[in-house]
Amino acid sequence: MKKTELTVDVIYHLVNKLEGLKVCVIESNRNNSTKNKKMLEGCLSEGMQQPGIFADAKLAMDAGYTLKDVEDDNVITADEVDDYLVIVDGNTRFHAYMLSQKDGAKATFEYKFHLMQYVNATAFRTAYQKMNIYNNPTKAEDFARDLMATSNLPVLVSYRAKIKDGLVPKASGFATIGREIVKKDLTDLQKGKTPVGFDDTKSIDRFNMVYDSVKPLMMDNLKNFRGSEVWKFIASKINEADDKDTMASRIMKMFSIMPAPLFSSFQKAVAKGTISKENVVHGILEEALKLV
């Protein structure tokens, strides 16, 4: 099977790896091994119920996306891209199919796909992003990753950097703009709207200053900071303060001078009966803040 032999909207079947095709994926698209294995179980049991969508990879490259070969994970260059198809929809199903094609796999299934044409790179990008918007499993982090593939919006750059440091997405939102970043924020961005807090440069700089100050301590105690408990406390204190800069300074000092017994309690914090871990942590931090 060759790329030039494919016809738009005809359903094709892969039964033996790539059948001679060169296929790539958008680097920002998620590749979750747990979800891939669960998808494999479903496809082996029921078959692939809905075909994937492939398109000319050059459109994706022209739209600003980084592309990777599905077999060797190498980044596709401009000199190579004309030979490739890119997966627009059906990414997890495709990774499940490739798992089923590995040596030693007990069973496989047919991967179905059809070729879609787009008039230009802009049309491709719009269609691809809308597929992410209306895909219910897509989380804020996933959509942020996709937007960042073609955008350098400072809020999203900072948000994703904190996730890379080890924070969960919810915590990263509180640490970046003082609240959780949700999927609606990102769909608004895609529509050209500015979500609340995304253009408040002074506030963003303040939260990033606190984050950078706490980060060395965080990296040595990541399990205590990766969740949202600490960052939700920090955000609430700064958001509610009349003098937000002074509160930010107090919080930074709080972490630098926290007495060893209090810090030990913070490190060991767990839920107590009906009191959630979040409330336990907030209680400890309230005590620490009183000392500043």
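Residues numbered from 1 in each chain as written. Predicted model: local features only at pLDDT ≥ 70, side-chain atom pairs only at ≥ 80, totals over all residues. Heavy atoms only, no water.

Details of the overall build of the protein chain
Helix and strand content of the protein chain: 14 helices and six strands. When each of the 292 residues of the protein chain is scored for burial, the buried share is 45%. Looking at the protein chain alone, contacts between residues at least 24 apart form 70% of all its contacts between residues at least 6 apart. Counting only carbon and sulfur atoms, one obtains 49% of the accessible surface of the protein chain, whose full area is about 15,100 Å². Between the averaged position of the 41 positive side-chain charges in the protein chain and that of its 39 negative side-chain charges there is a distance of 6 Å. (Helix = DSSP H or I, 4+ residues; strand = E, 2+ residues; numbered from the N terminus. Buried < 20%, exposed > 50% of the residue type's maximum accessible area, 1.4 Å probe, protein only. Contact = heavy atoms within 4.5 Å. Areas by Shrake-Rupley, 256 points an atom, 1.4 Å probe, with all protein chains shown as cover. Lys, Arg positive; Asp, Glu negative; His and termini not counted. Charge placed at Lys NZ, Arg CZ, Asp CG, Glu CD.)

Examining the nonpolar core
The biggest cluster of nonpolar side chains holds 34 residues, and the ones touching the most others in it are Val 230, Trp 231, Ile 234, Ile 251, Met 254, Phe 255 and Leu 285. Breaking this core down by element, the ones donating at least two residues are α7 (169-177), α9 (201-220), α11 (229-240), α12 (244-257), α13 (260-267) and α14 (277-290). With near-sequence residues (within four places) excluded, Val 230 lies in contact with Asn 224, Phe 225, Phe 255, Phe 266, Val 281 and Leu 285. Within the second largest apolar cluster, 22 residues are counted, among which are Leu 40, Met 48, Val 70 and Tyr 111. (Core = buried A, V, L, I, M, F, W, Y, C linked by side-chain atoms within 4.5 Å.)

Concerning the pattern of salt bridges
According to the stated counting rule, one finds twelve salt bridges in the structure shown. Between Arg 93 and Asp 89 there is a salt bridge, with its nearest N and O atoms 3.4 Å apart. Classification of Asp 89 by relative accessible area gives partly exposed; the value is 24%. Among the charged side chains, a network of salt bridges with common partners joins Glu 27, Lys 68 and Asp 73. (Salt bridge = Lys/Arg side-chain N within 4 Å of Asp/Glu carboxyl O.)

Quick notes on unusual backbone geometry
Phi is positive for Lys 17, close to 55°, though the residue is something other than glycine. Take Lys 17: it is sitting in the loop between β1 (11-14) and β2 (23-26). The partly exposed category is assigned to Lys 17, whose relative accessible area is 39%. In this model, Glu 19 sits at a positive phi of 55°, which is unusual for a non-glycine residue. Of note, Glu 19 is situated in the loop between β1 and β2.

Looking at empty space enclosed by the protein
In total, this model carries one cavity of 30 Å³ or more according to the counting rule given. The computed volume of the largest cavity comes to approximately 40 Å³. Along the walls of the largest cavity sit Asn 224, Glu 229, Phe 266, Ala 269, Lys 277 and Val 281, which together make up its complete lining. For the lining of the largest cavity, a count of residues per class yields three nonpolar, one polar and two charged. (1 Å grid on protein atoms, 1.4 Å probe; cavity = no way out; pocket = protein on both sides within 12 Å on 5 of 7 lines; lining within 4 Å. Points joined across faces, edges and corners; volume = space filled by probe spheres on them. Nonpolar A, V, L, I, M, F, W, Y, C, P; charged D, E, K, R; others polar.)

Re the packing of aromatic side chains
By the definition in use, this model includes 17 aromatic pairs. Between Phe 94 and Tyr 111 the ring centres are 5.3 Å apart and the planes differ by 90°, which places this aromatic pair in the edge-to-face class. Of this pair, Phe 94 sits in helix α3 (residues 91-100) while Tyr 111 is found in strand β6 (residues 111-115), placing the two residues 17 residues apart along the sequence. Residue Tyr 111 is classed as buried on the basis of its relative accessible area, which comes to 0%. Here the aromatic rings of Tyr 211 and Trp 231 are separated by 5.4 Å at their centres, their planes lie at 45°, and the arrangement is tilted. In this pair, Tyr 211 sits in helix α9 while Trp 231 sits in helix α11, placing the two residues 20 residues apart along the sequence. Of the two residues, Tyr 211 and Trp 231, both sit in the buried class. Ring pairs connect the aromatic residues Tyr 12, Phe 54, Phe 94, Tyr 97, Phe 109, Tyr 111 and Phe 113, which therefore count as one cluster. (Phe/Tyr/Trp six-rings, centres within 6.5 Å; stacked < 30°, edge-to-face > 60°.)

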